[in-house]
Amino acid sequence: MIGQDTRQAQRIDAAGTRPSAVVGPPAVPAKLRHLARRFNPMSPVLGRIGQLEVRLARRPAEVRASQELRYHVFYEEMSAQPSTLQKMTRRDRDGFDRYCDHLLVLDHSHGGPIDNRIVGTYRLLRGEMAALAGGFYTAQEFDIAPMLARHQGTRFLELGRSCVLKDYRGKRTVELLWQGIWSYVLRHDIDVLFGCASLAGTDPEALAVPLAFLRQNAPAPAEWRVRAREERGIFPPDPPRDVDARRALAALPPLLKGYLRLGGYIGEGAVVDHQFGTTDVLVVLPRANINPRYIGHYGADAGRFAA
């Protein structure tokens, strides 16, 4: 619990007597400060391609609309299992949402309310906000504490809840999402991006080939190594040497392939998420690793698709 600290000013009188404390008003708890100013109604557009634009959510209604989009994709289109509350509200939400920035792709060729225009979203959680939230979402599946301890003072950004409407799962929407993320990384001087990436299905044996491919081709070095939590993780035996790389790569979802192309590492083990019907791996992407070709594509100042 965050306490209320007091600020003290010290003064010494002409006689050189002991300094006395001047007590100011109680400080506002950090959580309340965040909740009071979490939205910027003037948040700028970060990129635009035709009628599509990317920016951060500017008000609570836009976050609710993004949660409705997540529900539609995860629970109606895919195989996630909603709780009773989620069925009633038709929103995918949790306690981390209030501490995250929500990146949105909007299609302005659609009229009407905002929920008709949001076609893609990404959830962004910076380290200082995770401290208010009680930790990162990823920590529920992977033991990230040793990595964070090895890199004290490093600015981490957790990426999660990536979601795009079926008709928009093409190059333009993906480019705008990464345009928005890159702009955000530059604005907040982020050092490392990380988060869970999902393979469809909950049968590790059926996913043996792509999991083996990831272990062979993108293992994290010691400084970035993260292991699945022992009570939740699965740790397949050493993969065979004759994994069909082409077949394995084809089985990876586009998001995970994108992380690998950018220069991401994969943690040890995987976690079966029965609620979402997926098997999750951890991706760690140091900013210094990002392929220069991609930086050149979006611009060193994120100006390629800037509005």
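Note: the structure precedes this text.
1. Some words on the overall build of the protein
Item 1. A tally of regular secondary structure across the protein gives ten helices and 14 strands.
Item 2. Of the contacts formed within the protein by residues at least 6 apart in sequence, a portion of 73% connects residues at least 24 apart.
Item 3. By element, 52% of the accessible surface of the protein is carried by carbon and sulfur atoms, the whole surface being about 16100 Å².

2. Thoughts on the layout of surface pockets
Item 1. Computed from the structure, the largest pocket encloses a volume of approximately 1400 Å³.
Item 2. Considering the residues around the largest pocket, the lining is formed by 48 residues, among which S162, C163, P253, P254 and L255 are closest to the centre.
Item 3. Residue composition of the lining of the largest pocket, by class: 26 nonpolar, eleven polar and eleven charged.
Item 4. Space inside the second largest pocket adds up to approximately 280 Å³.
Item 5. Along its surface, the second largest pocket is lined by 14 residues, and R215, P219, G267, E268 and G269 are the ones closest to its centre.
Item 6. Class assignment of the residues belonging to the lining of the second largest pocket gives a composition of seven nonpolar, three polar and four charged.

3. Brief notes about unusual backbone geometry
Item 1. Phi angles above zero are rare outside glycine, and R90 is one such case at about 55°.
Item 2. Checked against the element boundaries, R90 lands in the loop between α3 (84–89) and β5 (101–107).
Item 3. For R90, a relative accessible area of 43% puts it in the partly exposed group.

4. As for the packing of aromatic side chains
How two aromatic rings sit relative to each other is set out by the distance from centre to centre and by the angle between their planes.
Item 1. Following the criterion strictly, the structure yields eight aromatic pairs and no others.
Item 2. Aromatic side chains F156 and F194 sit 5.9 Å apart centroid to centroid with 85° between the ring planes, which places their arrangement in the edge-to-face category. Here F156, found in strand β8 (residues 156–164), pairs with F194, found in strand β9 (residues 192–200); they are 38 residues apart in sequence, far enough to count as distant. For the pair formed by F156 and F194, the shared burial category is buried.
Item 3. The ring of Y137 is capped by R123, whose NZ or CZ atom sits 5.6 Å from the centre of that ring.
Item 4. The cationic tip of R227 hangs over the ring face of F235; the distance from NZ or CZ to the ring centre is 3.9 Å.

5. Concerning empty space enclosed by the protein
Rolled over the atoms, a probe with the dimensions of a water molecule shows which regions are left empty.
Item 1. For the structure on display, the rule yields three cavities of 30 Å³ or more.
Item 2. As a volume, the largest cavity reaches approximately 110 Å³.
Item 3. Lining of the largest cavity is provided by W178, I181, W182, V185, L193, L262, L285, I290, Y294, I295 and Y298.
Item 4. Only α6 (171–188) and α10 (292–298) provide two or more residues apiece to the lining of the largest cavity.
Item 5. Element by element, the count of residues in the lining of the largest cavity is highest for α6, at four residues.
Item 6. Taken together, the residues that form the lining of the largest cavity break down as eleven nonpolar, no polar and no charged.
Item 7. The computed volume of the second largest cavity comes to approximately 70 Å³.
Item 8. Take the lining of the second largest cavity: its biggest share by element is three residues, from helix α7 (residues 208–217).
Item 9. A class-by-class count of the residues in the lining of the second largest cavity yields six nonpolar, two polar and two charged.

Rules behind the numbers
- Every chain begins its residue count from 1, and numbering advances along the sequence as written.
- Given that the model is predicted, a residue must reach a pLDDT of at least 70 before its local features are reported, and side-chain atom pairs must reach 80 or more before they are shown or counted; all residues, however, enter totals for whole chains, interfaces and linings.
- Neither water nor hydrogens contribute to the side-chain values; these are computed over all heavy atoms in the structure.
- Put simply, DSSP marks the helices as runs of H or I at least four residues long and the strands as runs of E at least two long, and each gets a number from the N terminus on.
- When checking whether two residues touch, look at their non-hydrogen atoms; a contact exists if any pair is within 4.5 Å.
- All accessible-area figures derive from a Shrake-Rupley calculation using a 1.4 Å probe, and residue coverage is judged against the displayed protein chains alone.
- Site definitions follow a grid-based scheme: protein atoms alone, a 1 Å grid, a 1.4 Å probe that fits but cannot get out for cavities, and for pockets an open set with protein on both sides within 12 Å along at least five of seven lines, plus lining residues having an atom within 4 Å of a point.
- Grid points are joined across faces, edges and corners, and a volume is the space filled by probe spheres set on the points.
- Residue type decides the class: Asp, Glu, Lys and Arg count as charged, Ala, Val, Leu, Ile, Met, Phe, Trp, Tyr, Cys and Pro as nonpolar, and the leftover types, Gly among them, as polar.
- For every residue, the accessible area (1.4 Å probe, protein chains only) is compared with the maximum for its type, and the residue is labelled buried under 20%, exposed over 50%, or partly exposed between those bounds.
- Between the rings of Phe, Tyr and Trp (Trp by its six-membered ring), a pair exists once the centres lie within 6.5 Å; its type follows the angle of the planes, with under 30 degrees stacked, over 60 edge-to-face, and the other angles tilted.
- Consider the ring centre and the ring normal. A charge sits over the ring if Lys NZ or Arg CZ is within 6 Å of that centre and within 35 degrees of that normal.

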